[in-house]
Each structure stands twice: as structure tokens, then as C-alpha cells.
Amino acid sequence: MATSLKRSKGTPSSTQIGTFSYWIRRSKIGVGMNVYSNTVENDNNRGYIQFESDDAWRMVDNDASGDHIVLKTTRKFRDVSSWYHIVVRVDTTQSTNTDRVRVYVNGVQETSFSSTTYPNQNENLKIFEGGQTNREYINNIYGGSAGPSFYISHFHFADGQSYGPDTFGSTDPATGEWSIKASPTVTYGNQGFFMFKNDASLNDDSGNSNNWSADTGTIQKCEDCPSNVFATWNELARLNNYSQRYVEHLEGSNTAKGTSNANNGNSYSTLGANSGKFYCEVKATDVQGTAYPNIGFMSEAGAVRTTGGSGQITTAGGTTYNPNGDLIIDAATTSSWGATYTDNDIIQLAMDLDNGAFYFGKNGTWQNSGNPASGASKTGAARSFTPDDTFYFFGTANYTTSCEVKANFGNGFFGTTAVSSAGTNASNNGI
């Protein structure tokens, strides 16, 4: 999500009981995100659910008399490679204060909080109150601005009902993973809603017609969902020298852009593999000179750094295809290996880990007469190797504050622009 949504809220079924359930995948860490808010009057008269800049989850409800709810988790939410299912179950009629607000992550109740203020029994909460115009928000708060983009799916609000996580999800008996219930049985009440069931529509799927509107920008549908996770650029692997971050990730972390005119910033995909065949495309939207961006592949030793080391894609473990047509393998350069490329050219990357081969293409033409379908012959491969247990990742490096690439790992967009003449793939996953 790269914008915020708003709605005018009517009369609720209850201001004491309600349940929020949503699946969310963060694309940035270290920044605040207001997932949901409802402002009755002002800063001191509202309720909201957010991730704070320290990556903890927090819920607040207050008015002029003070705080009704302040719950902040001890744990941090920094896994940008998968979805979290979060259920917030509120019922202020409960006699035990800790039962008045219960939070569940992936089916398990959170019990460790660094801040704990629970509502009084039978407290009326601002997060449920209605009657205001365009002050109920997703990815924003009244008087604020849209936060960084994130992915969100199957967002339910049940007005007047207290539901546990098993209403919205269940444990897969085969894998032990917490899985989504696509069509749960829910009573939504007057102001309840069900958003983003299978699309980017702003219409409410609960039957209540509690529809939303875009505040700024547009909502973009993605193939990435709780039951089928796609790669993005990894916020936890923005490397140059150890602990340095000379690249930023935008547009759901599918865009990588340099942030320094003195150092390059390296990005790697959230998902890697050590077997199978994988494909993605990277659009070089802003090429700087003849050397950047570097686009290619990286072994796990290069992509994962815990102490020291450069983490650069053109060093050991890396294989890159550069704008001047050079191929760089483990810091060794083969000049003019392929065609040159410039702004808005699309670079194809094919990873065959069953046979041990990497391939590069440009705008639909495989370079060096490469043939990713050649199997064991590895025809025209940019790099050949003997398969083993090593994991490999897609990667890129951007130099200067202008250098930028936009990846399509299967969502079907370069940034906010849909791919043209979309092809098909054997797994039938992605665009």
C-alpha cells in the first residue's frame, strides 16, 4: 500500500466491544506505520493501531481525561519476508483487565508488553466511536500523512463482536503453519467491514457497504498474499560495508534507489533458493554512467553479513551484468560480454539451480545466445557452477542518489506501472 484510505464512520453497534483482524507484510523497518486510526476530535480524542519506529506494535486509545489503552509489545516486528496475522480482540465488559484487550500474532496470544494500560470495565472507547466525517483511516491518522508502503490483506473489523484468532485462521495440519481462512463466519455489526479479500477494491466485502476512498495516491493489487509470498528487496540486507546503508527501498520494497554520491548501496532479494528454477525482471529506470546499476545474483555468503565484509555484489559470490555490457564474476571482469543497456531497459534474470547456471537477457533477448531452457548443457550461461547446498539471491547495486532499479518478482509491476505484454510461467504464479 502506497497511500492512505479514509471513511466517514456512522453509528457503531458498540463502543465497548470489537475485533480487528488483518494480515500485514511490512516493506520497511525502523519507521512508524499507522495501520488503522479513528479520530473523534483531535490528538487527544482517538484510537489507533500502529508499528512504532522501533518496530514494536502498539495500540492507543485516549481522550481529554487520559489514556484508556496503551499496549506496546516487547517483541519487534522485523521480518519483511513474510506476513503477520494480527488480531486485536477488545471487550471492556470483561471483569479481568487483561481480558479487555487481547492481541494475537499468527494465532498465538501476546503476553509480553513494555507498556500496559488497560481500559476500565465497561469503558467506552474512541477507536469504536462514530459520527465523524473522513476521520477513520488505514495507513494514516487524522491530521497526518500517509506512511510508508506495506502489504495488507483480509482486513476485518467486527463491530460489537469479540473473536479470537481461530475465527480468521487455522493451523495447517501438514506444515504446522498458521494459515488464512479466506471466508470466515463473522458478524460485522453496523460499522464492520471486510477489505482486500482478493483484490485492491475499496468496496467492503462484508455486505455492509462500508466502503473506503483513497486519501492520496492509488491502491495497487499484488500477487503477494499470505498463502503465496513473493520476493522483494530485503530491508535487512541493504549492504555496502558492514552496517552501512547506501540504498533505500520504495514502492513495497520492489524499487531500490541509491542514497549516496560517494558509495554504492547493495540490495538482495528476501527469498533465496538452493534448488529449482526462478526468473525475475529488473528495469533500470535510472542508469548512471557505464557502471551502475549492477544487476545480477549473489551467493548467501555475500548476501548475508553479520560481521565485516563489503557485501558488494561485484565481489566474491557475485555475478553481475552492467550497463556497459561487462560481466563481472567474483570481481573478475569480462568486458563487452553483452549488449549495453540504458534508462528503462529491462534486464531478465534466470536462475537454474538444478543444473547450476545463471542467464541474463535484455528486452526479451538472452545475451551470449543464452538458453535458460537448455538444462544440463547450460547454453550461453553467464555463469556455470556445480550445484550444491548454497543459497543464491537476486541482487543489485545502485550508485549516486539518482541511480534506481524497479524489480518485478511476480507482482506484475515495475513500481506503479503494470508490465506490458505479460507472459506466462510454468508454475502459474505471478505476472
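Coordinates for the structure precede this section.
In this text the structure is predicted, and so the values were computed from the model without any measurement.

Colleague: How would you explain the overall build of the protein chain if you had to name every residue and give the values?
Modeller: Helices and strands together make up the secondary structure of the protein chain, namely one helix and 33 strands. Here the C-alpha atoms of the protein chain give a radius of gyration of 24 Å, agreeing with the 22 Å that 2.2 N^0.38 yields for 431 residues. Along the first, second and third principal axes, the C-alpha set of the protein chain runs to 75 × 45 × 40 Å. Going through the 431 residues of the protein chain one by one, you find that 54% of them count as buried. The long-range fraction of contacts in the protein chain, counting pairs at least 24 apart against all pairs at least 6 apart in sequence, stands at 65%. Summing over all exposed atoms, the protein chain offers an accessible surface of approximately 16,900 Å²; the carbon and sulfur share of this is 42%. The centroid of the 30 positive side-chain charges in the protein chain is displaced by 2 Å from the centroid of its 40 negative side-chain charges.

Colleague: A description of the sheet that holds strand β20 (residues 264-269) should follow, citing residues and the corresponding values.
Modeller: Working definition: the strands of a sheet are paired by backbone hydrogen bonds and lie parallel or antiparallel to each other. Ordered by their spatial adjacency, seven strands build an open sheet running β17-β20-β30-β22-β23-β24-β25, and the pairing between neighbours is antiparallel. The open sheet has two edge strands, β17 (233-239) and β25 (332-334), and neither has a second partner. On average, each strand axis in the sheet is inclined to that of its neighbour by 25 degrees, with strand direction left out of account. Note that strand β24 (residues 327-329) and β25 share three bridges and pair antiparallel. Residue pairing in the sheet places Ile328 in a bridge with Thr333 of β25.

Colleague: Describe the pairing of β20, and please don't skip the residues or the numbers.
Modeller: Put simply, side chains in a regular strand alternate between the two faces of the sheet. Of all the six residues making up β20, six are buried; the element is thus mostly covered by neighbouring parts of the structure. In β20, alternate side chains face the same way, and those of Asn264, Asn266 and Tyr268 on one face and Gly265, Ser267 and Ser269 on the other are all buried. Sheet analysis places β17 next to β20, joined by three bridges and oriented antiparallel. Within the sheet, the bridge partner assigned to Leu239 lies in β20 and is Asn266. Inspection of the sheet shows β20 paired to strand β30 (residues 392-399) by five bridges, in the antiparallel sense. Looking at the pairing, Gly265 lines up with Asn398 of β30.

Colleague: Describe in detail the packing of aromatic side chains, supporting the description with residues and values.
Modeller: Scanning the model with the defined rule gives 27 aromatic pairs in all. Seen from their ring centres, Phe297 and Phe360 are 5.3 Å apart, and the 50 degrees between their planes marks the pair as tilted. Highlighted residues: Phe297 in strand β22 (residues 294-299) and Phe360 in strand β27 (residues 357-362), separated in sequence by 63 residues. The burial state of Phe297 is the same as that of Phe360; both residues are buried.

Colleague: Can you explain the side chain of Asp224? Please cite residues and give values.
Modeller: Inspection of the secondary structure puts Asp224 in the loop between β16 (213-216) and β17. Classification of Asp224 by relative accessible area gives buried; the value is 2%. Looking at Asp224, its side chain comes within polar contact range of the side chain of Trp83, at 2.7 Å. Every residue in contact with Asp224, bar those within four places of it in the chain, is listed here: Arg25, Trp83, Val229, Phe230 and Asn411.

Colleague: Let's hear about the pattern of salt bridges: which residues, and what values?
Modeller: One pass over the full model with this rule turns up 17 salt bridges. Lys6 is paired through a salt bridge with Asp215; the nearest N and O atoms lie 3.6 Å apart. Here Asp215 lies in strand β16 and Lys6 lies in strand β1 (residues 4-7), a separation of 209 residues in the sequence. Taking the shortest distance from any N to any O, the salt bridge between Arg25 and Asp224 comes out at 2.2 Å. Of this pair, Arg25 sits in strand β2 (residues 17-26) while Asp224 sits in the loop between β16 and β17, placing them 199 residues apart in sequence. With relative accessibility at 0%, the residue Arg25 sits in the buried group. A single salt-bridge network, built from bridges that share partners, covers Glu52, Asp54, Arg58, Lys72 and Lys76.

Criteria and thresholds
Residues numbered from 1 in each chain as written. Predicted model: local features only at pLDDT ≥ 70, side-chain atom pairs only at ≥ 80, totals over all residues. Heavy atoms only, no water. Helix = DSSP H or I, 4+ residues; strand = E, 2+ residues; numbered from the N terminus. Rg over C-alpha atoms; globule rule 2.2 N^0.38 Å. Buried < 20%, exposed > 50% of the residue type's maximum accessible area, 1.4 Å probe, protein only. Contact = heavy atoms within 4.5 Å. Areas by Shrake-Rupley, 256 points an atom, 1.4 Å probe, with all protein chains shown as cover. Lys, Arg positive; Asp, Glu negative; His and termini not counted. Charge placed at Lys NZ, Arg CZ, Asp CG, Glu CD. Pairing = 2+ DSSP bridges. Axes fitted to C-alpha atoms, helices over the stretch in contact; angles between N-to-C directions. Phe/Tyr/Trp six-rings, centres within 6.5 Å; stacked < 30°, edge-to-face > 60°. Polar contact = N/O pair within 3.5 Å; in protein donor to acceptor, adjacent residues only side chain to side chain. Salt bridge = Lys/Arg side-chain N within 4 Å of Asp/Glu carboxyl O.

Purely geometric stuff here, so don't read any function into it on its own.
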